[in-house]
Structures are given as structure tokens and as C-alpha cells.
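Each chain, written out:
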Amino acid sequence: MSAGEKTGVMRPLIGITGRRFQLSVLNGADPRYGDRCIDTSMSDFATRIAEAGGLPVHLSYDTDTEAVSAWLSGVVITGGQDVHPAFWGGDTSVVRDVDPRTNPMVHDTERDAYEIALVRAAIERGIPVLGVCRGMQVLNVALGGTLVPHLADGPVSHLSAEIAPTDGTVDHVVSFAQGTIAAGLFGTETITNSWHHQAVDRCGAGVVVTGRTDDGVVESIEVPGRPVLGVQWHPEWMKSNDPALTWVVEQAVWRLAQHEPVTQEQRSPQ
Ligand SMILES: NCCCC(=O)O
């Protein structure tokens, strides 16, 4: 039974972010598409959010972040490219000038700016936010934090970029601080998958680290007093629905139940 069915309230609309890239990068794409783009998000998110009782909707870069946040009951900032260092005060000399529409793994400043604005708008409205992998890093950057640019360059043994994150039993242990959202969901520790080479470094305003690996890499962050959770692993690729994904839906259901329906005037202020 889904969270919505359990509580008898409307299923909450959960916005899911993603990428924009040219159809031509896909194998077998019809050349008549030329340089036309496609807006995508990893379908595992939509599947898992729907399983948890939410109504998943993809958020394109063209969606007005202020306006859409009035309609959403929850937001998932998903994984992907490294956030451009210009957004967090990192070394921009290392950045290659490649078009993110033709290589979906290189920096995409349009996506960065969009997601940072969305995080800020959602937090401002008290909308539950789940950040996943890059999404957790975006959360931290949106609140003024910084990132470790490359884990292999630092004093850590946490190297996981080669591991295909398909099996929740194969990767590392994450330990959680007591009294946090993460500890409420996972207990004192859990085993997660992993696919990243950057990590949260200095925390942004109000951000606290709530989970780490044994080698000290930040694996979860929160903003105490706010329904905000960032996880470095990929809950959408765990074998069964990960508590982080059910958390954002349950928070959204709770929020829907607490609030009077938003009027059309409130959603579209003149
Ligand atoms: N750091 C790899 C992220 C992969 C993805 O979410 O597309």
C-alpha cells in the first residue's frame, strides 16, 4: 500500500530534475532529429516515487522554479554531472569547454543554475527536498557550501567511481549521527551503493553532516528543522525501495495533509 493510500490523502506531486541533451548522442538516433534536445530524468526515480505513493513529474530547465514550487509537494534533485566549480568557488581552470548537450556527463551550468534556484525556492516554501549524489552536492552548494573536487586527490580511500551502482549489497557502510533524519530511516548504519568522485566539503548555511563512511567521506547531509535530506549514494538503484525515497514521499504526504489547498491566486501571483 502506498503512503497516499495509507493516509487517505491526495498523492503528492514530486518534481524530479534531470538532464537536457541532444538526441543525436543516443545510439541509433534518427539523423533527422539533428541537434534537437531531449529533457530527461532517470526513470528509476519516477518508478520508485510512484511505488512509494507519489506522483512523479519531470522538471525541465524551462520550468519557472518559483512558480513550480507552489505546485509541488516534494522535490528530488537527481544525480549527474559535477557542479561547475564557479558555483562553489572551486578551481575553474580545470574545466573543459564541452557542450553538455552532446556529452551528458560534462558540466552543465544551465542545469546547475536551475537546480540551485529550485533548491532555494523549495526550502523557502518548506517543501521536502531530497538530493541524490550530485543532488546532495547541489543542496550544499545552493546553501553556500563547497565540494571536494576529486576524492582521489584527498587523504581518503573512498574510491568508488568504477562500481556500477546496481546492487545494494556490494559497496560500503555509512554510519549516521543519532537524532537525525538519516538515523531515523537507516538506524546507526547501512550499506549503500556508490558512484561519485566528488563530495561535500565545507557545509553551507544551516547544513550539517549526518552520515559518513569509515574513511570520512560525507554520505548524508540535512538542514535541522527543515525537511531536507541529501544522500551521496543512489537510492533509485538499490534493490528495493530505499527509505530516502519513501521519506520524501511521506514528508510530501504529511505536508499536503497539513496545508489548506493552495488557491490558483496563490500559485499565480499577479
Ligand atoms: N556520479 C555519477 C552519477 C550518475 C548519474 O546519476 O547519472
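Please read all numbers here as calculations on a predicted model, not as lab measurements.

Peer 1: Explain the sheet that holds strand β12 (residues 218-222) here, please?
Peer 2: Across a sheet, strands are paired by hydrogen bonds formed along the backbone, either parallel or antiparallel in direction. Read across the open sheet, the nine strands follow the order β4-β1-β5-β6-β13-β12-β11-β8-β9; overall the sheet is mixed. Every interior strand has two partners, whereas the edge strands, β4 (55-58) and β9 (189-192), have only one. Taken pair by pair, the neighbouring strands of this sheet meet at an average axis angle of 25°, ignoring direction. Taken together, the three bridges between strand β5 (residues 74-77) and strand β6 (residues 129-132) define a ladder with parallel strand orientation.

Peer 1: Looking at this structure, I do not really get the site of the ligand. What am I missing?
Peer 2: Every residue close to the ligand is listed here: Arg19, Met42, Gly79, Gly80, Cys133, Trp195 and His234. At a separation of 3.3 Å, an oxygen atom of the ligand approaches a polar backbone atom of Gly80. The separation between a nitrogen atom of the ligand and a polar main-chain atom of Trp195 is 2.9 Å.

Peer 1: Help me out: how do you make sense of unusual backbone geometry in this one?
Peer 2: Of all residues except glycine, most have a negative phi; of all peptide bonds, most are trans. Look at Cys133: it is not a glycine, yet its phi comes out positive at around 55°. Looking at the element boundaries, Cys133 is found in the loop between β6 and α5 (134-142).

Peer 1: I would appreciate a short explanation of the packing of aromatic side chains in the present structure.
Peer 2: What characterises a pair of aromatic rings is the spacing of the ring centres plus the angle enclosed by the ring planes. Under the counting rule described, the total for this entry stands at five aromatic pairs. Arranged with centres 5.3 Å apart and planes meeting at 20°, the rings of Phe176 and Phe186 form a pair that is stacked. Here Phe176, found in strand β8 (residues 172-176), pairs with Phe186, found in helix α6 (residues 181-186); they are ten residues apart in sequence, far enough to count as distant. Of the two residues, Phe176 and Phe186, neither departs from the other in class, the shared state being buried. What links up through ring pairs into an aromatic cluster is the set Phe176, Phe186 and Trp233.

What counts, and where the lines are drawn
Residues numbered from 1 in each chain as written. Predicted model: local features only at pLDDT ≥ 70, side-chain atom pairs only at ≥ 80, totals over all residues. Heavy atoms only, no water. Pairing = 2+ DSSP bridges. Helix = DSSP H or I, 4+ residues; strand = E, 2+ residues; numbered from the N terminus. Axes fitted to C-alpha atoms, helices over the stretch in contact; angles between N-to-C directions. Near = heavy atom within 4 Å. Polar contact = N/O pair within 3.5 Å; in protein donor to acceptor, adjacent residues only side chain to side chain. Phe/Tyr/Trp six-rings, centres within 6.5 Å; stacked < 30°, edge-to-face > 60°. Buried < 20%, exposed > 50% of the residue type's maximum accessible area, 1.4 Å probe, protein only.

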